[in-house]
Amino acid sequence: MRAVGRISCVAIVVVASLIATMRARAQDVKEKALDAPNKVTIKVRMEGPYTADVPLQIVCYFRYTPETAKRMSGAPVELDKKLGGVIASLRERGEFIGDEGETLLIIPPKNSIKAKALLLVGLGAEDNLSLKVLESVGRVSLREAARLGVKRVAFAPLIRDQGNTKLSAGDVEIAVVKAMLLAYDTDKRMQKEGLARPFALDEWIVEAGPAYFDETVGAVQRAIQDAKTAVAKRSSDPYAKPK
């Protein structure tokens, strides 16, 4: 009986140690939190789109071609693997092409990824990638989040993972984050005038790989400052003119 008791005690200690280790690893994920206008917290987090535990995960894709599909690596490949190949099927069948501004919302199957919903946003043709396209992505992403009423969003552009190096990781995030913040400012102003449904964005998570983490932090800081400057210059006049 004493032997059994000792074995039980050892088992409990081992299980407790494993749980503590798992919690420590979860807490060790590198991140940087930054304050943005309208009480939004932007977190740059070293995490992939398949592990983020959020109400909405957003990822971007270029217009589909067999060549771009072959060049894809890293996060988008792992993401679709966990989804059972849903994204590849939709793209190969021409049901989500990836045209600029095109969106498609997916409810992930059980036991696939942690996000409750996954939004695909099209970037258009690779050759046409520009800061203007990325600003549009930022606005579209925010407005889809508002439509869904989610308070926490994770965003991964996946541009490098699709073999495209036209723009730096920093320039990508400056464009997306600034446009997102300005779109949210518009939404908040419209809410005050009764022109939009109540919606509050608490947290926007920018997912960055190890090689681009520091660059992304600096870019988000720049985007926040640029957004603050732009917001300060906006007219305070009501959108609806008196009749």
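For the structure given in this document, a descriptive report is provided here. (Residues numbered from 1 in each chain as written. Predicted model: local features only at pLDDT ≥ 70, side-chain atom pairs only at ≥ 80, totals over all residues. Heavy atoms only, no water.)

## Focus: the nonpolar core
Formed by 46 residues in total, the largest nonpolar core has its most connected members in Ile-42, Leu-134, Leu-201 and Trp-204. Considering each element in turn, this core owes the most residues, nine residues, to helix 6 (residues 169–192). Here Leu-201 is in contact with Lys-39, Val-40, Leu-142, Val-150, Lys-151, Val-153, Met-180 and Tyr-184, once residues within four sequence places are set aside. Counting residues in each nonpolar core, the second largest holds 20 residues, with Val-54, Ile-87, Leu-118 and Ile-205 among its members. (Core = buried A, V, L, I, M, F, W, Y, C linked by side-chain atoms within 4.5 Å. Buried < 20%, exposed > 50% of the residue type's maximum accessible area, 1.4 Å probe, protein only. Helix = DSSP H or I, 4+ residues; strand = E, 2+ residues; numbered from the N terminus. Contact = heavy atoms within 4.5 Å.)

## What about the packing of aromatic side chains?
Throughout the structure, instances matching the rule amount to two aromatic pairs. An angle of 85° between the planes, with centres 5.7 Å apart, marks the rings of Tyr-184 and Phe-199 as edge-to-face. One end of the pair, Tyr-184, is in helix 6; the other, Phe-199, is in the loop between helix 6 and strand 7 (203–207), and 15 residues separate them in sequence. (Phe/Tyr/Trp six-rings, centres within 6.5 Å; stacked < 30°, edge-to-face > 60°.)

## Describing helix 6
Taking 1.5 Å as the rise per residue, helix 6 with 24 residues should run 34 Å; its terminal C-alpha atoms sit 35 Å apart, in good agreement. In terms of burial, helix 6 is a largely internal element, 18 of the 24 residues being buried. (Expected span 1.5 Å × (residues − 1).)

## Some words on the pattern of salt bridges
Two side chains that carry opposite charge are able to pair once their charged atoms sit near each other. In the structure shown here, the tally under the stated rule is 15 salt bridges. In this structure, the salt-bridge partner of Lys-82 is Glu-78, at a minimum N-O distance of 3.9 Å. Residue Lys-82 and its partner Glu-78 are located together in helix 3 (residues 75–82), separated by four residues, close to a single helical turn. Its relative accessible area of 35% is what places Lys-82 among the partly exposed residues. The class for Glu-78 is partly exposed, based on a relative accessible area of 26%. When salt bridges with common partners are traced through the structure, they connect Glu-31, Lys-43, Arg-45, Glu-47, Arg-152 and Glu-203 into a single cluster. (Salt bridge = Lys/Arg side-chain N within 4 Å of Asp/Glu carboxyl O.)

## Considering the environment of Arg-91
Inspection of the secondary structure puts Arg-91 in helix 4 (residues 86–92). C-alpha of Arg-91 to C-alpha of Ala-69: the two residues are 22 residues apart in sequence and 9.2 Å apart in space. Arg-91 has contacts with Tyr-61, Phe-62, Arg-63, Tyr-64, Phe-96, Ile-97 and Gly-98, leaving out every residue within four places of it along the chain.

## Side note on the sheet that holds strand 5 (residues 118–124)
Strand order in the open sheet formed by seven strands is 1-2-7-6-3-5-4, and the pairing between neighbours is mixed. In this open sheet, the two edge strands, each paired with only one partner strand, are strand 1 (31–36) and strand 4 (103–106). Each strand of the sheet is rotated relative to its neighbour by a mean of 20°, with strand direction disregarded. One ladder, built from five bridges, connects strand 2 (residues 40–45) with strand 7; its direction is parallel. Of the residues in strand 7, the one forming a bridge with Thr-41 is Glu-203. Contacts between helix 6 and the sheet are confined to strand 1, strand 2, strand 6 (152–156) and strand 7, with strand 2 contributing the most and set at about 160° to the helix. (Pairing = 2+ DSSP bridges. Axes fitted to C-alpha atoms, helices over the stretch in contact; angles between N-to-C directions.)

## Description of the layout of surface pockets
Counted as a void, the largest pocket has a volume near 450 Å³. Among the elements that make up the lining of the largest pocket, the one with the highest residue count is helix 6 (three residues). Grouping the constituent residues of the lining of the largest pocket by class yields 14 nonpolar, four polar and five charged. (1 Å grid on protein atoms, 1.4 Å probe; cavity = no way out; pocket = protein on both sides within 12 Å on 5 of 7 lines; lining within 4 Å. Points joined across faces, edges and corners; volume = space filled by probe spheres on them. Nonpolar A, V, L, I, M, F, W, Y, C, P; charged D, E, K, R; others polar.)

## Digging into the side chain of Glu-173
Here Glu-173 lies in helix 6. The side chain of Glu-173 is buried and forms no salt bridge, while Arg-160, the nearest opposite charge, is found at 10 Å. Setting aside chain neighbours within four positions, we find Glu-173 in contact with Phe-155, Pro-157, Lys-178, Val-206, Thr-216, Ala-219 and Ala-223. (Lys, Arg positive; Asp, Glu negative; His and termini not counted.)

## Some remarks on the pairing of strand 6
Judged by how many residues are buried, strand 6 sits mostly within the fold: four of five residues are covered. Pairing geometry for strand 3 (residues 56–62) and strand 6, over four bridges, is parallel. In the strand pairing of strand 6, Leu-56 is matched with Val-153. With four bridges connecting them, strand 6 and strand 7 associate as parallel partners. Pairing of Arg-152 across the sheet is with Glu-203, part of strand 7.

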